[in-house]
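A closer look at the structure
Listed here are the chains, written in short residue letters.
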Amino acid sequence: MVSTVLSATMDGLKVEFVRVEADVSNGLPLLHMVGYLSAEVKDAGERVRTAIGNTGIRIPPKRIIINLSPATVKKRGASFDLPIAAAILTALGVIGEDALKDILLIGELNLEGKVLKVPGILPIVMEAQKKGCQTCMIPSENEMEGQVVQGINIIGVKHLQDVLDYVSHPAEFQKQHRGIHRAVRIKYGKEKQLDFCDIQGQEMLKRAVEVAVAGQHNLLLVGTPGSSKTMIAKRVPSILPPLTEEERIEISKIYSIMGLLKEDEPLVSTRPFRELHHTVTKTALVGGGMIPRPGEISLAHCGVLMMDELAEYPKNVLEVLRQPLEEHEIQIVRVRGAYVFPAEFFLVAAMNPCPCGYYPDMEKCRCTKSEVDHYLGKISQPFLSRIDICVEAPRVAYQDLKEQKTCDSSAAIRERVCAARNIQKARYQGKAFTTNSRIPESDIQTFCRLDEEGEKMMKLAYEKMNLTARTYYKVLRVARTIADLEGKTQIRCIHLSEALSYREMNHKYWES
Ligand SMILES: [Zn+2]
């Protein structure tokens, strides 16, 4: 008899439905698996056979053929164990012919028959619901993640025995387990965040961070060691606007595939803030591998990618960021086609101005001219032109440390950021973008119009500061954000001059 069980797998960010067929017939006893399988899936045969045995079911000495279709999709991972076991048990008549009809099964088995957690549950259950599937049977450790999706019945199983219990008395099984759900409360971990009010002085830097977050602009802080640039960068999460429901789902799908969702927090609740180390590989950064998987830039989707000690990163790692910084997604091309992963992040980077950290203070800097040039040269012009805001972090003034002025808390800054973001959202309603940094060049004239005086100032600056078309547009976008932070419709000279000041650094360090 041939039995069929529905399952699914991930290919990049795409869900592929898979049919698991089992055929049991008389003949030499064997278990054979076919259907474009990776090594892990081929191993499933022995694992599943042992798991079934340890659940107390004797497999008769027969010829068992397992087929996973469609044959065009490569099957990977251990998540087919459960559907394979279910298909065998159905073909053997242990499970009724129609008992698992319309149920999607997914889960790994260990030798004892325990069902283990698998990645990708959230996107798979979402697709199953869209496809009209009524029920998903998933590992109970993934149950909360599956429950996020509305309009589909989720059955969490801990052991292969649970599948048998379910099919013999579905209603009773669900009744018993519903009680368990109720007992589980979704917790949203509110970790104590670092706060901007801990940092004395450095008002210029804090202002630049506020503008950057308000308009989603890429930011580079350059400064001497001990200028609190890293401390400031690490406080960015405390002023990020909250996630929309749509963004939460989108991010959570990526985290689900990477197996990074917490069991008690089935949806990501705060904007990602991915702090990198300069030893990160190209693949870990942008994604890739034989089976393309998302990288750090996709884990930072809708949030922030933080790179401290920017000049310490290998040049090829920085250069690979250029495309996603521009296009907000990454394409990974493989023989079987192109994978596209989202990467709608903005960059917060920090670096010293030279190896010793004190350039251009020639009394303190111990580096030679060529050492400084080499160090700064690690950041290429094309990379710099993708930075919207570049500021210098001066050493903390003695006065600032002593005075203990009261400064804005993160909550106060965040409120201003959110107000500016709301203005942007309303202005760009119906457009494909929601923040100023994402205004396409074709729309700049509409949304970033300067007044007469502003035009004059811009013309002068364009020549004097050696702006390119790309940096010219960036200045206008930043000026738009500064005006929005003030609640002003018209961009004035004062907004423009602040935006221009965020490019001066570039001029001073890299073009002199
Ligand atoms: Zn130096």
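Residues numbered from 1 in each chain as written. Predicted model: local features only at pLDDT ≥ 70, side-chain atom pairs only at ≥ 80, totals over all residues. Heavy atoms only, no water.

The helix and strand inventory of the protein chain stands at 21 helices and 18 strands. Summarising its shape, the C-alpha atoms of the protein chain cover approximately 85 × 45 × 45 Å along the three principal directions. Per-residue burial for the protein chain yields a buried fraction of 53% across its 512 residues. In the structure as shown, the protein chain presents an accessible area of about 23900 Å², 51% of it carried by carbon and sulfur atoms. Counting 67 positive and 64 negative side-chain charges, the protein chain places the averaged centre of each group 1 Å from the other. (Helix = DSSP H or I, 4+ residues; strand = E, 2+ residues; numbered from the N terminus. Buried < 20%, exposed > 50% of the residue type's maximum accessible area, 1.4 Å probe, protein only. Areas by Shrake-Rupley, 256 points an atom, 1.4 Å probe, with all protein chains shown as cover. Lys, Arg positive; Asp, Glu negative; His and termini not counted. Charge placed at Lys NZ, Arg CZ, Asp CG, Glu CD.)

Attention now goes to the coordination of the zinc ion. Octahedral metal centres with six donors ideally show angles of 90 or 180 degrees, and tetrahedral centres with four donors ideally show 109.5 degrees. At this site the zinc ion is bound by Cys354 (SG), Cys356 (SG), Cys365 (SG) and Cys367 (SG), with donor distances of 2.2 to 2.4 Å. If you look at the zinc ion, its four donor atoms make angles of 106 to 112 degrees with each other, and the shape they trace is tetrahedral. Positions of the donor residues of the zinc ion along the chain correspond to the pattern C-x1-C-x8-C-x1-C. Here Cys354, found in the loop between strand S17 (346-351) and helix H14 (369-377), pairs with Cys367, found in the loop between S17 and H14; they are 13 residues apart in sequence, far enough to count as distant. Assigned by exposure class, Cys354 and Cys367 land together as buried. (Donors = N, O, S within 2.8 Å, 3.2 Å for Na, K, Ca; no water. Tetrahedral: all angles 85-135°; square planar, octahedral: opposite > 155°, others 65-115°.)

So, on to the layout of surface pockets. Taken as a whole, the second largest pocket holds about 690 Å³ of empty space. In terms of lining, the second largest pocket is formed by 23 residues, of which the most central are Thr244, Glu247, Arg271, Cys302 and Thr434. At the level of elements, helix H9 (245-257) and helix H17 (410-427) are the ones that each hand at least two residues to the lining of the second largest pocket. If one sorts the elements of the lining of the second largest pocket by residue count, H17 sits on top with four residues. By residue class, the composition of the lining of the second largest pocket is eight nonpolar, seven polar and eight charged. (1 Å grid on protein atoms, 1.4 Å probe; cavity = no way out; pocket = protein on both sides within 12 Å on 5 of 7 lines; lining within 4 Å. Points joined across faces, edges and corners; volume = space filled by probe spheres on them. Nonpolar A, V, L, I, M, F, W, Y, C, P; charged D, E, K, R; others polar.)

Moving on, we get to unusual backbone geometry. Geometrically, the link from Ser69 to Pro70 is a cis peptide bond, its omega value of 5 degrees lying close to zero. Tracing the sequence through the fold places Pro70 in the loop between strand S4 (63-69) and helix H2 (81-91). Of note, the bond from Tyr359 into Pro360 is cis; its omega dihedral lies within 30 degrees of zero at 0 degrees. Considering the arrangement of structural elements, one finds Pro360 in the loop between S17 and H14. Positive phi outside glycine occurs at Gln202, with the angle close to 55 degrees. With respect to the element layout, Gln202 can be found in the loop between helix H6 (170-183) and helix H7 (203-215). On the basis of relative accessibility, which here comes to 5%, the residue Gln202 falls in the buried class. One non-glycine residue, His328, lies in positive phi territory at about 60 degrees.

Let's shift gears to helix H21 (residues 493-510). Between its terminal C-alpha atoms H21 stretches 26 Å, which fits the 26 Å expected from 18 residues at 1.5 Å a residue. Every buried residue belonging to H21 is among Cys493, His495, Leu496, Glu498, Ala499, Leu500, Tyr502, Arg503, Met505, Asn506, Tyr509 and Trp510, and all of these are buried. (Expected span 1.5 Å × (residues − 1).)

Attention shifts here to the domain arrangement of the protein chain. Each assigned domain of the protein chain is listed with its residue range as follows: domain 1 (2-183) and domain 2 (196-400 + 407-510). A straight line from the C-alpha centre of domain 1 to that of domain 2 covers 44 Å. If you look at the interface, domain 1 gives 19 residues, while domain 2 gives 19 residues. Interface area, domain 1 with domain 2, both sides summed: about 1600 Å², of which 67% is carbon and sulfur. Area buried by domain 1 at its contact with domain 2 is led by Leu13, Arg76 and Met144, which between them contribute 29% of it. Remark: the boundary between domain 1 and domain 2 carries zero salt bridges. Between the two partners, domain 1 and domain 2, sit five residue pairs in polar contact (both at pLDDT 80 or more). Of all elements in the fold, only strand S1 (2-11), helix H3 (121-130) and helix H4 (143-147) reach the threshold of two or more residues within the side of domain 1 that touches domain 2. The biggest single contributor to the side of domain 1 that touches domain 2 is H3, with four residues. Taken together, the residues that form the side of domain 1 that touches domain 2 break down as ten nonpolar, three polar and six charged. (Domains from an automatic or database assignment. Contact = heavy atoms within 4.5 Å. Buried area = accessible area lost by both parts, 1.4 Å probe. Salt bridge = Lys/Arg side-chain N within 4 Å of Asp/Glu carboxyl O. Polar contact = N/O pair within 3.5 Å; in protein donor to acceptor, adjacent residues only side chain to side chain.)

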